[in-house]
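Architecture at a glance
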Amino acid sequence: MSYTVSFISLGCAKNQVNCEQMMATVQAAGYTIQIQPEGADVVVVNTCGFLASACEEAIGNILEMAELKKAGKVKKILVTGCMAQRYKEDVLKELPEVDGILGTGSYGDIADAIREVMSDTVRPCHMGNIHTAGQSGERILSTPPWYAYLRIAEGCDNHCAYCVIPSLRGKYRSRPMEELLEEAAELADSGVKELLVIAQDITRYGTDWSGEHKLAELLRELCKLDFHWIRLHYLYPDEITDELIDTIAREEKILPYLDIPMQHCNDTILKAMNRRDTKADLVALVDKLRSRIPNLVLRTSLIAGLPYEDEAAFEELCQFLRDERIERAGIFTFSPEEGTRAALMDHVDTEEAKRRTELLVDVQSDIIDDYHDSILGQEREVLCEGFDPQAQMFFGRSYAESPEIDGRIYFTADDQVEAGTFVQVRFTGVMDGEITGEMVS
Ligand code: SF4
C-alpha cells in the first residue's frame, strides 16, 4: 500500500538532517513525498523542543495541521523530534489530533509508524534509546543543491545548566570517520559546493571513541573532496586545539568563519552555568584565533538575563562584545527551562531579560555596521543563490555569511548569473543592513 507523506521540519540544522533521513526512509518504503500538506495521507511535524518558545511554535504547527485534518485535507498527523521526546505524555494527552509520536531515538521507525497510523488500529509511540540511536542513513536534501549539512555527531556531554539538549539527544556520540567521508563524497558528487559541518559540539569529535580530538584529521580528509567551501559551526571554546587552528589556517577550503557559542563572559555566571571557560580564556582564544587565521569572521551565541546576571554583569557582557568585536551574534533571552538547574537559580524576570536582549542586539548591530563599513571597496568571492525581482539584484553569500542565519550580499551583474555559481563581487554600499556590490568577473 502506498501513502503520500508531507514533512514540516522545525528547529536547528541537526533536526533538519533527521528530517532528510526520514524522507529517504519513507521514499525507500515506497511512499510518495509531497511538499504541501494538503491532500497528504500523513503529515509529519518534526519538532524542536529545547525552549518553551520552540514548543509553542511546534504546537502552533500541529494545530494548523489539525485544522486541515478536521477539513478532511489530511488523514493523519505524526509528531517527531525534540518536543515529542521532551513532552511525550503531554502531547498524547493534550493533543488528541496527533495520531502518533516518535522520539529522537526513533527517527528510523518513521515508515513503520506511518503504516501503523494508516492501519487505524494503534496510536504509535516509538521512544527508542536516545543514547544509542543510529545516526547514519540516506538523505533527501532539503537545502538548495549547492550547500548541505554534514552532522558529525549526536548528543552532548557538556551539560550546561540552562540546556535540556543532553536529555533530548543523549550522550555525545561521534560518527565513524569512514561513514562520514562516504556521505561527504556522495554530497560532493551530487554537486554540493559548500559543506556545513555541524553537531551540538563539533570540537569534541572523536574524543568519545579515541580519547583524542579528531576534528582536524576529519577536516583534512574532507578537504580532499570536491567541495569549494567547508564551514564550521558549534565549536566549544575550550575544546579548540592548536592542531585544529593550524588546520583551519592552512586549508584554503575551510572558511575563516567560526561559530563559537560563548553564552556569556562573566566568570561567576559561566561557572554557575557549568561552562568551562573564564572571561580571560575567551579573550585569549579570540586573540589567538584572530592572530592565526587571517580575515577571520567570528559568530557566537549570547544569552541575556542568565541567573546571577546583575546590572554590572550585564554591562560587562555588553563591553565584552564591544571589545572583542565579534562580527556575528545570535542574542537570546534566558528561558528558565523546566528540568534545568538554571531554572531553579536566581534570575531577573522575563521583561527585564527581554530589555537586556534588545540592548545587546543594539550593541551587536553597531558592530555589524562598523564591520560592513570596513569591508566596503573590497572584492570577495560570492556564492550566488538567486535573483531578487524586487531589488532587481542578484543575491548570495561570501565566506562571512552562513546560510539561514547571516545576511546576504546583493549585487548587480551585466549578464545572467546562475544560482550555485561563484563570482567576484566588489562591495560598494549597504542597503537595509545588507552589503551591496557589483560583479567584477
Ligand atoms: S554545549 Fe551546552 S548549550 Fe550546547 S547543546 Fe551542549 S549542553 Fe546544550
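Refer to the structure presented above.
So, about the overall build of the protein. In terms of helices and strands, the protein carries 14 helices and 19 strands. Radius of gyration (C-alpha) of the protein: 22 Å, near the 22 Å computed for a compact globule of 441 residues. Projected onto its principal axes, the C-alpha coordinates of the protein cover approximately 65 × 60 × 45 Å. Split into buried and exposed, the 441 residues of the protein put 54% on the buried side. Accessible surface, the protein: about 18400 Å² in total, of which carbon and sulfur atoms supply 50%. In the protein, the 44 positive side-chain charges and the 77 negative ones have mean positions that sit 4 Å from each other.

With that out of the way, let us pick up the sheet that holds strand 1 (residues 4-9). Each strand in a sheet pairs with its neighbour through backbone hydrogen bonds, running either in the same direction (parallel) or in the opposite one (antiparallel). Ordered in space as 2-1-3-4-5-6, the 6 strands form an open sheet in which the pairing is parallel. Both edges of this open sheet fall to strand 2 (32-33) and strand 6 (125-126), since each of them pairs with a single strand only. Bridge analysis of strand 1 against strand 3 (residues 42-47) gives 5 bridges, and the strand direction is parallel. Each bridged residue has a counterpart across the sheet, and for Val-5 the counterpart in strand 3 is Val-42. Along the sheet, helix 1 (residues 13-28) contacts strand 1, strand 2, strand 3 and strand 4 (76-81); its crossing angle with strand 1, the most-contacted strand, is approximately 175°.

This part is about the pattern of salt bridges. The tally for this structure, following the rule as stated, stands at 40 salt bridges. Ionic pairing is found between Lys-75 and Asp-41, a salt bridge with its closest N-O pair at 2.7 Å. Placement of the pair is Lys-75 in the loop between helix 2 (52-70) and strand 4 and Asp-41 in the loop between strand 2 and strand 3, with a sequence separation of 34 residues. Given a relative accessible area of 48%, Lys-75 falls into the partly exposed group. In this structure Asp-41 comes out as buried when scored by relative accessible area, which is 10%. Here Glu-438 makes a salt bridge to Arg-426, at a shortest N to O gap of 2.8 Å. With a gap of 12 residues between them, Glu-438 in strand 19 (residues 434-439) and Arg-426 in strand 18 (residues 422-431) connect regions that are remote in the sequence.

If a probe the size of a water molecule is rolled over the atoms, the empty space left behind becomes visible. For the coordinates displayed, the defined rule picks out 1 cavity of 30 Å³ or more. Roughly 40 Å³ of volume is contained in the largest cavity. Only helix 9 (215-222) and helix 10 (242-250) provide two or more residues apiece to the lining of the largest cavity. A per-class count over the lining of the largest cavity returns 3 nonpolar, 3 polar and 2 charged.

Moving on, we get to the site of the ligand. Every residue close to the ligand is listed here: Cys-156, Asn-158, His-159, Cys-160, Tyr-162, Cys-163, Ile-165, Pro-166 and Gln-200. Tallied by class, residues from the shell around the ligand come to 6 nonpolar, 3 polar and no charged.

Now for the pairing of strand 7 (residues 147-151). Residues in a regular strand point their side chains to alternate faces of the sheet. Of all the 5 residues making up strand 7, 5 are buried; the element is thus mostly covered by neighbouring parts of the structure. Alternating residues of strand 7 divide into Tyr-147, Tyr-149 and Arg-151 and Ala-148 and Leu-150, and every residue in both groups is buried. One ladder, built from 5 bridges, connects strand 7 with strand 10 (residues 194-198); its direction is parallel. Residue Ala-148 lies in a different strand from strand 10, and its bridge partner there is Leu-195.

The calculated volume of the second largest pocket comes to roughly 490 Å³. Lining the second largest pocket are 24 residues, with Leu-255, Pro-256, Pro-294, Asn-295 and Tyr-399 sitting closest to its centre. Taken together, the elements giving at least two residues each to the lining of the second largest pocket come down to helix 10, strand 12 (254-259), helix 14 (350-375) and strand 15 (379-388). Tallied by class, the residues present in the lining of the second largest pocket amount to 13 nonpolar, 5 polar and 6 charged.

Along helix 10, the residues classified as buried are Leu-244, Ile-245, Thr-247 and Ile-248. Buried residues of helix 10 fall within an arc of 160° about the axis and therefore sit on the same side.

Bringing the packing of helix 10 against helix 12 (residues 279-292) into the picture now. Helix 12 packs onto helix 10 with a crossing angle of 35° between their chain directions and a minimal axis gap of 10 Å. As for the relative orientation of helix 10 and helix 12, their crossing is right-handed in sense. For the pair formed by helix 10 and helix 12, the contact residues are Asp-242, Ile-245, Asp-246 and Ala-249 on the first element and Lys-288, Leu-289 and Arg-292 on the second. Looking at the contact of helix 10 with helix 12 residue by residue, the class counts come to 3 nonpolar, no polar and 4 charged.

Counting buried positions along strand 16 (residues 393-397) yields 5 of 5 residues, so the element is predominantly enclosed. Burial along strand 16 is two-sided: Met-393, Phe-395 and Arg-397 and Phe-394 and Gly-396, pointing in opposite directions, are all buried. Relative to strand 16, strand 15 is paired through 5 bridges, and the arrangement is antiparallel. Of the residues in strand 16, the one forming a bridge with Gly-386 is Phe-395. Bridge count between strand 16 and strand 17 (residues 409-412): 3 bridges; the pairing is antiparallel. Paired with Phe-394 across the two strands is Phe-411, which belongs to strand 17.

Conventions we followed
- Residues numbered from 1 in each chain as written.
- Predicted model: local features only at pLDDT ≥ 70, side-chain atom pairs only at ≥ 80, totals over all residues.
- Heavy atoms only, no water.
- Helix = DSSP H or I, 4+ residues; strand = E, 2+ residues; numbered from the N terminus.
- Rg over C-alpha atoms; globule rule 2.2 N^0.38 Å.
- Buried < 20%, exposed > 50% of the residue type's maximum accessible area, 1.4 Å probe, protein only.
- Areas by Shrake-Rupley, 256 points an atom, 1.4 Å probe, with all protein chains shown as cover.
- Lys, Arg positive; Asp, Glu negative; His and termini not counted.
- Charge placed at Lys NZ, Arg CZ, Asp CG, Glu CD.
- Pairing = 2+ DSSP bridges.
- Contact = heavy atoms within 4.5 Å.
- Axes fitted to C-alpha atoms, helices over the stretch in contact; angles between N-to-C directions.
- Salt bridge = Lys/Arg side-chain N within 4 Å of Asp/Glu carboxyl O.
- 1 Å grid on protein atoms, 1.4 Å probe; cavity = no way out; pocket = protein on both sides within 12 Å on 5 of 7 lines; lining within 4 Å.
- Points joined across faces, edges and corners; volume = space filled by probe spheres on them.
- Nonpolar A, V, L, I, M, F, W, Y, C, P; charged D, E, K, R; others polar.
- Near = heavy atom within 4 Å.
- Arc of directions from axis to C-beta.
- Left-handed = near helix turned anticlockwise from the far one by under 90°.

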